[in-house]
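Read off the chains here:
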Amino acid sequence: MVVADPASRQVVVQAVVGGLPCDRVTGVETVETASSVTVTVWAGPQTGATGCDGSVPAMAQIVWVRVPLADVLGGRTVVPPA
C-alpha cells in the first residue's frame, strides 16, 4: 500500500516484516522518471541480530516508511519493482 499526495516530495509505503531483530526494514531504493516512481523496500535482520538462524516464531509487523522524492510526485505513477 502506498499513500501519496501529488503535491508532496515524499510517498509513504506500507511494508510487512517479521519483526525485530530478525526481520526489519533495512533500506529503501527509489528510481524516479518523468512518468513513474519505482520504490523497492529491503528487509532483513538487524545488524548484530542473533538467534535468527533456523526456526523463529511467525510474526508480522506493519511498518510505514517515508520515502523522500527528488521532486513532487505530481502525475507520476508509483509502481513496485519489476
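Use the structure listed above.
The structure presented is a predicted model; accordingly, all values stated were derived computationally and were not measured.

## Details of the overall build of the protein chain
Working step 1: Summing up its helical and strand segments, the protein chain has 0 helices and 6 strands in all.
Working step 2: Taken over C-alpha atoms, the radius of gyration comes to 15 Å for the protein chain, far larger than the 12 Å a tight globule of 82 residues would show.
Working step 3: Seen along its three principal axes, the alpha-carbon backbone of the protein chain occupies a region of about 45 × 20 × 15 Å.
Working step 4: Expressed as a percentage of its 82 residues, the buried residues of the protein chain come to 26%.
Working step 5: Residue pairs in contact within the protein chain that sit at least 24 positions apart in sequence constitute 69% of those at least 6 positions apart.
Working step 6: Carbon and sulfur atoms make up 57% of the accessible area of the protein chain, which amounts to about 5400 Å² in all.
Working step 7: Taking the average place of the 4 positive charges on the side chains of the protein chain and the average place of its 6 negative ones, the gap between the two points comes to 8 Å.

## Let's talk about the pairing of strand β4 (residues 36–44)
Working step 1: Inspection of the sheet shows strand β3 (residues 24–32) paired to β4 by 8 bridges, in the antiparallel sense. Its bridge partner lying in β4, Glu29 is registered against Thr40.
Working step 2: Counting the residues between successive antiparallel strands, the hairpin from β3 to β4 contains 3 residues.
Working step 3: Where β4 and strand β6 (residues 77–79) come together, 3 bridges link them in parallel fashion. Pairing of Ser36 across the sheet is with Thr77, part of β6.

## Considering the environment of Val25
Working step 1: Within the fold, Val25 resides in strand β3.
Working step 2: Separated by 50 residues in the primary sequence, Val25 and Gly75 place their C-alpha atoms 27 Å from one another.
Working step 3: Dropping the residues within four chain positions of it, Val25 is found in contact with Ala15, Val17, Val41, Trp42, Ala43, Val63 and Val65.

## Considering the environment of Val28
Working step 1: For Val28, the position within the fold is in strand β3.
Working step 2: Once the C-alpha coordinates of Val28 and Thr40 are considered, the two residues, 12 residues apart in sequence, prove to be 5.7 Å apart.

## Brief notes about the state of the cysteines
Working step 1: This structure, assessed with the given rule, holds 1 disulfide.
Working step 2: Here Cys22 engages in a disulfide with Cys52; their sulfurs sit 2.1 Å apart. Across the S-S bond linking Cys22 and Cys52, the dihedral sits near -85°, which makes this disulfide left-handed. Separated by 30 residues along the polypeptide, Cys22 in the loop between β2 (10–17) and β3 and Cys52 in the loop between β4 and β5 (61–68) bring together distant segments of the chain.

## Describing the sheet that holds β6
Working step 1: Across the sheet, 3 strands lie side by side as β3-β4-β6; this open sheet has mixed pairing. In the strand order of this sheet, the two ends are held by β3 and β6, each with one partner. With strand direction ignored, the average angle separating the axes of adjacent strands in the sheet is 25°.

Conventions we followed
- Residues numbered from 1 in each chain as written.
- Predicted model: local features only at pLDDT ≥ 70, side-chain atom pairs only at ≥ 80, totals over all residues.
- Heavy atoms only, no water.
- Helix = DSSP H or I, 4+ residues; strand = E, 2+ residues; numbered from the N terminus.
- Rg over C-alpha atoms; globule rule 2.2 N^0.38 Å.
- Buried < 20%, exposed > 50% of the residue type's maximum accessible area, 1.4 Å probe, protein only.
- Contact = heavy atoms within 4.5 Å.
- Areas by Shrake-Rupley, 256 points an atom, 1.4 Å probe, with all protein chains shown as cover.
- Lys, Arg positive; Asp, Glu negative; His and termini not counted.
- Charge placed at Lys NZ, Arg CZ, Asp CG, Glu CD.
- Pairing = 2+ DSSP bridges.
- Disulfide = S-S within 2.5 Å.
- Axes fitted to C-alpha atoms, helices over the stretch in contact; angles between N-to-C directions.

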